[in-house]
Amino acid sequence: ITYIFCPHASDFFLVLCPQVILASVTSTESMDGANNSVVSEFVLLGLSASWKMKILLFLFFFSFYVGIMLGNFFIVFTVIFDSHLHSPMYFLLANLSFIDLGLSSTTVPRMITDIFSEHKVISFPGCMVQIFFIHVMGGTEMVLLIVMAYDRYTAISKPLHYLTIMNHKTCICFVVIAWVIGVIHAVSQSVFVVNLPFCGPNKVDGFYCDISKVAVLACTDTSWLVYVVTANSGLISMGTFFLLIISYIFILVTVRHHSSAGLSKAFSTLSAHITVVFLFFVPCFFVCVWQVPTLSPAKFLLILVFLITPLLNPAIYTLRNKDMKHCAKH
């Protein structure tokens, strides 16, 4: 080994151990590379890579989204401007339509624009905002459906006291409580994923940002988080669903005791609510409770929540309601 004296210690060390310096530089570059590779955006894989399927999906999503906008805006503006519809039931129905507009708008417009895009990129803040608002709208709608079931119970079982119980102030309080619970639910779900370290893969297997799909991309063990979020969403969905079904059964039993003739009328009134509940909760049940987010059929089940249900809600409530049909004609 040849030792060469240098006036500076660093030069002397460079001659003696060049491989150590090379390793040090490589380590520094790796550290810089790791710092520079912090995920700032996610790539959505979408639904299908087939060109023919893309065209079909575009036509399907676009036509349904236009129907969602027209149908739900029609209900909201009709209830606002028609004095004959200034009642608790229609007030809650208008709020349901508003929530459906928000729920579908969090995902469907991006689904449409991303169909023909080669790089379906969403920024990290945009992904977090989408997660938050999806859970806000979803949680609020669950609570609002319970309020609407209570409204129908009051109208059927206590018709003489209906307007006293479901007065304007009470309806506003119910809607505010629904939104507060929705926000609390969204914060409790999204607060964990916002602070996760993302420094590796950034491809999300889906058409929108979902907590379970985004959390698995973090550079740490997030299996506990996925289970907690899934259990939270699953329990809330199942609890709300069974509470609604029990309330509908209780309403029908109550009506049957008073009049057998009123049973068919009550069932006809509640059938619209039951249809909406099944369309909203069944996909959530399969996706959240049965743990199928990684399966491609789950993507199409979620389309029911974001696309089909918001479209059918105005159709179900409008076509089966005499007052709404009367307003539509005039």
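Please read all numbers here as calculations on a predicted model, not as lab measurements.

**Considerations on the packing of aromatic side chains**
Inspection of every chain in the model, using the stated rule, returns 19 aromatic pairs. Considering the side-chain rings of Tyr 208 and Phe 306, the 5.1 Å spacing of their centres and the 65° angle between planes classify their relative orientation as edge-to-face. In this pair, Tyr 208 sits in the loop between β3 (203-204) and α9 (211-215) while Phe 306 sits in helix α12 (residues 296-319), placing the two residues 98 residues apart along the sequence. Comparing Tyr 208 with Phe 306 shows no difference in burial state: the two are buried. By way of ring pairs, the aromatic residues Trp 51, Phe 58, Phe 62 and Phe 116 are connected into one cluster.

**What to know about the confidence of the model for the chain**
Taken residue by residue, the chain gives an average pLDDT of 76. The fraction at 70 or more is 75%. With pLDDT under 50 throughout, residues 1-37 is counted as low confidence; its partners more than four residues away or in other chains account for 11 contacts.

**Re the sheet that holds strand β1 (residues 41-44)**
In a beta sheet, neighbouring strands are held together by backbone hydrogen bonds and run either parallel or antiparallel to one another. Read across the sheet, 3 strands follow the order β2-β1-β3 without closing on themselves; strand pairing throughout is mixed. Bordering the open sheet on either side are β2 (121-123) and β3, each of which pairs with just one other strand. Looking at chain direction, β1 and β3 are connected through 2 bridges and run parallel. Residue pairing for β3: Val 43 is matched across the bridge by Lys 203. Running at roughly 85° to β2, helix α6 (residues 124-157) makes contact with β1 and β2 of the sheet.

**A word on helix α3 (residues 51-81)**
Its 31 residues give α3 an end-to-end C-alpha distance of 44 Å, which sits within 8% of 45 Å, the value for a rise of 1.5 Å per residue. Inspection of α3 places Lys 54, Leu 57, Phe 61, Tyr 65, Ile 68, Met 69, Gly 71, Asn 72, Ile 75, Val 76, Thr 78 and Val 79 among the buried residues, and these make up the whole buried set.

**A word on the state of the cysteines**
The full count for this structure, using the stated rule, is 2 disulfides. Cys 127 shares a disulfide with Cys 209; S-S distance 2.1 Å. Of note, the bridge from Cys 127 to Cys 209 carries an S-S torsion of about -125° and is left-handed in sense. Taken together, the positions of Cys 127 in helix α6 and Cys 209 in the loop between β3 and α9 put the pair 82 residues apart, joining distant regions of the chain. In terms of burial, Cys 127 and Cys 209 fall into one category: buried. With a sulfur-sulfur separation of 2.0 Å, Cys 199 is cross-linked through a disulfide to Cys 219.

**As for the nonpolar core**
For soluble globular proteins, nonpolar side chains are generally found buried alongside one another. Core analysis: the biggest nonpolar cluster contains 56 residues, and Phe 61, Leu 145, Phe 281 and Phe 306 have the highest contact counts within it. Elements with a contribution of two residues or more to this core: α3, α4 (88-105), α5 (108-114), α6, α8 (168-194), α10 (223-258), α11 (261-289) and α12. Each residue touching Phe 281, except ones within four places of it in the same chain, is listed here: Met 142, Leu 145, Ser 237, Thr 240, Phe 241 and Leu 244. Listed in part, the 21 residues of the second largest apolar core include Val 193, Val 204, Ile 211 and Leu 225.

**Points about a nonpolar patch on the surface**
Residues Val 183, Val 187, Val 191, Phe 192, Trp 224 and Val 228 make up a contiguous nonpolar surface patch of about 490 Å² in total accessible area. Those elements giving two or more residues to the nonpolar patch turn out to be α8 and α10. Among the elements that make up the nonpolar patch, the one with the highest residue count is α8 (4 residues).

**Considerations on the pattern of salt bridges**
One pass over the full model with this rule turns up 2 salt bridges. For the salt bridge of Asp 114 with Arg 110, the shortest nitrogen-to-oxygen distance reads 3.3 Å. Of the two residues, Asp 114 and Arg 110 both sit in helix α5, 4 residues apart, roughly one turn of that helix. Under the relative-accessibility criterion, Asp 114 is labelled buried at 10%. Classification of Arg 110 as partly exposed rests on a relative accessible area of 25%.

**So, the UniProt feature "transmembrane region" (unreviewed entry) in the chain**
According to UniProt, the positions carrying the feature "transmembrane region" (unreviewed entry) are residues 55-77, 128-150, 171-194, 234-255, 267-292 and 298-319. End C-alpha to end C-alpha, residues 55-77 measures 33 Å, and it is 100% helix and 0% strand. Strand forms 0% of residues 128-150 and helix 100%; the C-alpha atoms that close the span are 34 Å apart.

**Let's talk about the environment of Val 194**
Its place among the elements puts Val 194 in helix α8. Sequence spacing of Val 194 and Ile 211 is 17 residues, and the spatial spacing of their C-alpha atoms is 9.7 Å. The residues touching Val 194, leaving out its near neighbours within four places in the chain, are Phe 124 and Met 128.

**So, α6**
With 34 residues, α6 should reach 50 Å at 1.5 Å per residue; the first-to-last C-alpha distance of 50 Å fits that figure. Most of α6 is tucked away: 25 of the 34 residues are buried. Taking the backbone nitrogen of Gly 126 as reference, a side-chain oxygen 3.1 Å away marks Ser 123 as the first, capping residue of α6.

**Quick word on the packing of α6 against α8**
The N-to-C vectors of α6 and α8 enclose an angle of 145°; their axes lie 7 Å apart at closest approach. Crossing angle aside, the handedness with which α6 passes α8 is right-handed. When grouped by side-chain class, the residues that make up the contact of α6 with α8 number 20 nonpolar, 7 polar and no charged.

Reading the values: the criteria
Residues numbered from 1 in each chain as written. Predicted model: local features only at pLDDT ≥ 70, side-chain atom pairs only at ≥ 80, totals over all residues. Heavy atoms only, no water. Phe/Tyr/Trp six-rings, centres within 6.5 Å; stacked < 30°, edge-to-face > 60°. Helix = DSSP H or I, 4+ residues; strand = E, 2+ residues; numbered from the N terminus. Buried < 20%, exposed > 50% of the residue type's maximum accessible area, 1.4 Å probe, protein only. pLDDT = per-residue confidence, 0-100. Contact = heavy atoms within 4.5 Å. Pairing = 2+ DSSP bridges. Axes fitted to C-alpha atoms, helices over the stretch in contact; angles between N-to-C directions. Expected span 1.5 Å × (residues − 1). Disulfide = S-S within 2.5 Å. Core = buried A, V, L, I, M, F, W, Y, C linked by side-chain atoms within 4.5 Å. Patch = residues over 30% accessible without salt bridge, like charges linked within 9 Å, V, L, I, M, F, W, Y side chains within 5 Å. Areas by Shrake-Rupley, 256 points an atom, 1.4 Å probe, with all protein chains shown as cover. Salt bridge = Lys/Arg side-chain N within 4 Å of Asp/Glu carboxyl O. UniProt positions renumbered as here; feature names shortened; annotations may be inferred. Polar contact = N/O pair within 3.5 Å; in protein donor to acceptor, adjacent residues only side chain to side chain. Left-handed = near helix turned anticlockwise from the far one by under 90°. Nonpolar A, V, L, I, M, F, W, Y, C, P; charged D, E, K, R; others polar.

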